Amino acid sequence: AGARSLLAELGWFGLAQLQFVLDPDGRHRFIDFNGRIYGSIALAARAGVDLAGTWAALAVGEKPDGGDARPGVRFQWLEGDLKRAVLAGPRRFVPELVGAIRYGRGAAHSVLSARDPMPAIRYAGTLLARGAGKAVSRARRGAGSRSS
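Numbers given to residues run from 1 along each chain, matching the order in which its sequence is written. For a predicted model such as this one, the threshold for reporting local features is a pLDDT of at least 70, and the threshold for listing and counting side-chain atom pairs is 80 or more; totals across whole chains, interfaces and linings nevertheless cover every residue. Each side-chain value is worked out from all heavy atoms of the structure, with water and hydrogens disregarded.

Enquirer: I keep staring at the pattern of salt bridges and nothing clicks. Help me out?
Expert: Side-chain pairs of opposite charge can arise whenever the charged atoms involved come near each other. Here, a salt bridge means any Lys or Arg side-chain nitrogen found within 4 Å of an Asp or Glu carboxyl oxygen. Tallied over the entire structure, the rule returns five salt bridges. Salt-bridge contacts for R84 lead to D81; the nearest nitrogen and oxygen are separated by 3.0 Å. Placement of both R84 and D81 in helix α4 (residues 78–87) is noted, with a separation of three residues, approximately one turn of the helix. For D81, a relative accessible area of 14% puts it in the buried group. Residues joined in a network through salt bridges with shared partners are D81, R84, R92 and E96. Helix and strand definitions follow DSSP, with helices as H or I runs of at least four residues and strands as E runs of at least two, each counted in order from the N terminus. Exposure categories follow from relative accessible area, calculated using a 1.4 Å probe and restricted to protein chains: below 20% of the type maximum is buried, above 50% is exposed, and the middle band is partly exposed.

Enquirer: I would appreciate a short explanation of the pairing of strand β1 (residues 17–22) in the present structure.
Expert: For a regular strand, side-chain orientation follows a simple rule: the groups alternate between the two sheet faces. Two strands are said to pair when DSSP picks up at least two bridges between them. Looking at chain direction, β1 and strand β2 (residues 28–34) are connected through six bridges and run antiparallel. By the bridge assignment, L18 is partnered in β2 with F33. In this structure, the hairpin formed by β1 and β2 is closed by a connection of five residues, where G26 is found at a positive phi of approximately 85°.

Enquirer: How should I be thinking about the environment of G131 in this particular structure?
Expert: Its location among the elements puts G131 in helix α6 (residues 118–147). Under the relative-accessibility criterion, G131 is labelled partly exposed at 35%. Counting along the chain gives 42 residues from G131 to G89, while the straight-line C-alpha distance between them is 16 Å.

Enquirer: Looking at this structure, I do not really get the packing of α4 against helix α5 (residues 90–104). What am I missing?
Expert: Packed helix pairs are characterised by how far apart their axes lie and by the angle those axes make with each other. Where α4 meets α5, the axes come as close as 8 Å, and the angle between the chain directions of the two elements is 165°. Classified by the angle between their axes, α4 and α5 sit roughly antiparallel to one another. Crossing hand, α4 versus α5: right-handed. Packed against α4, whose contacting residues are D81, L82, R84, A85 and V86, the element α5 presents F93, E96, L97 and A100 at the interface. Asp, Glu, Lys and Arg are counted as charged, while Ala, Val, Leu, Ile, Met, Phe, Trp, Tyr, Cys and Pro are counted as nonpolar; the rest, among them Gly, fall into the polar class. Looking at the contact of α4 with α5 residue by residue, the class counts come to six nonpolar, no polar and three charged. Axis definition: a line fitted to C-alpha atoms, over the contacting stretch in the case of helices. Angles run 0 to 180 degrees between N-to-C directions. Oblique is the label for any angle not covered by the other classes, which are roughly parallel (under 35 degrees), roughly antiparallel (over 145) and roughly perpendicular (65 to 115). By convention, the crossing between two helices is left-handed when the near helix turns anticlockwise from the far helix through less than a right angle, and right-handed when the turn is clockwise. Pairs of residues are marked as contacts when any of their non-hydrogen atoms sit within 4.5 Å.

Enquirer: I would appreciate a short explanation of the side chain of H109 in the present structure.
Expert: Mapped onto the secondary structure, H109 falls in the loop between α5 and α6. Polar contact is the term for a pair of N or O atoms within 3.5 Å; when the atoms are in protein, one must be able to donate a hydrogen and the other to accept it, and sequence-neighboring residues count only if both atoms are side-chain atoms. Only 3.0 Å separates the side chain of H109 from the backbone oxygen of G104, close enough to count as a polar contact. A polar contact is formed between the side chain of H109 and the backbone oxygen of A107, at a distance of 3.4 Å. Setting aside chain neighbours within four positions, we find H109 in contact with A42, F75, Q76, L78 and G104.

Enquirer: What is the right way to look at the packing of aromatic side chains in this model?
Expert: In this description, an aromatic ring pair is defined by two values, namely the gap between the centres and the angle between the planes. Only centres within 6.5 Å qualify two rings of Phe, Tyr or Trp (six-membered ring in Trp) as a pair; their planes then separate them into stacked at under 30 degrees, edge-to-face at over 60, and tilted for everything else. Scanning the model with the defined rule gives two aromatic pairs in all. Between the aromatic rings of W12 and F33, the centroid separation amounts to 5.2 Å while the plane-to-plane angle is 85°, which identifies the pairing as edge-to-face. Of this pair, W12 sits in the loop between α1 (2–10) and β1 while F33 sits in strand β2, placing them 21 residues apart in sequence. Using a relative accessible area of 24% as the deciding quantity, one classes F33 as partly exposed. Seen in terms of ring centroids, F20 and F30 are 5.5 Å apart; in terms of plane orientation they differ by 45°. Their pairing is tilted. Taken together, the residues span a long stretch of sequence, with F20 in strand β1 and F30 in strand β2 at a distance of 10 residues.

Enquirer: Help me understand a positive patch on the surface in this model?
Expert: A patch consists of residues exposed above 30% relative accessible area that lack any salt bridge, with like charges linked at up to 9 Å and nonpolar side chains (Val, Leu, Ile, Met, Phe, Trp, Tyr) linked at up to 5 Å. Method for areas: the Shrake-Rupley scheme with a 1.4 Å probe, in which residue coverage is limited to the protein chains shown. Neither His nor the chain ends is counted toward charge; the positive residues are Lys and Arg and the negative residues Asp and Glu. The atoms used to mark charge sites are NZ of Lys, CZ of Arg, CG of Asp and CD of Glu. Together, R130, K134, R138 and R141 give the surface a local cluster of positive charge. R138 sits in the partly exposed class, given a relative accessible area of 49%.

Geometric values such as these leave the question of function open.
Structure representation (structure tokens):
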């Protein structure tokens, strides 16, 4: 009710990501509002519910098609799974990586698409460059602490 009230007060129309936590008393607490299309929207689309199309239809005064979601569809946050594999350490890296790849087959992804691979390729390049930059920074900090 609180989130609905906030959205009404803002005059919000459109897609947004709302996050809640369950407190120890069993009440859902509204903690975050992101007024944008969110990455996991691909899950709804893969399940058969076109939320972006529904929003667009409503925006121009049309009646949306709606649709029922198919159960059993899953989503993978590949970047998070790959980070988890790296953080698992050298012994667990390969099993975690293999598990992430297996889980990812058939899952909906926010960026990865066999029909249009370029966004994923560019995003992977960005992540690799960011990771390399962090590694260089760590190496420089480590070298500086040894020389002093």
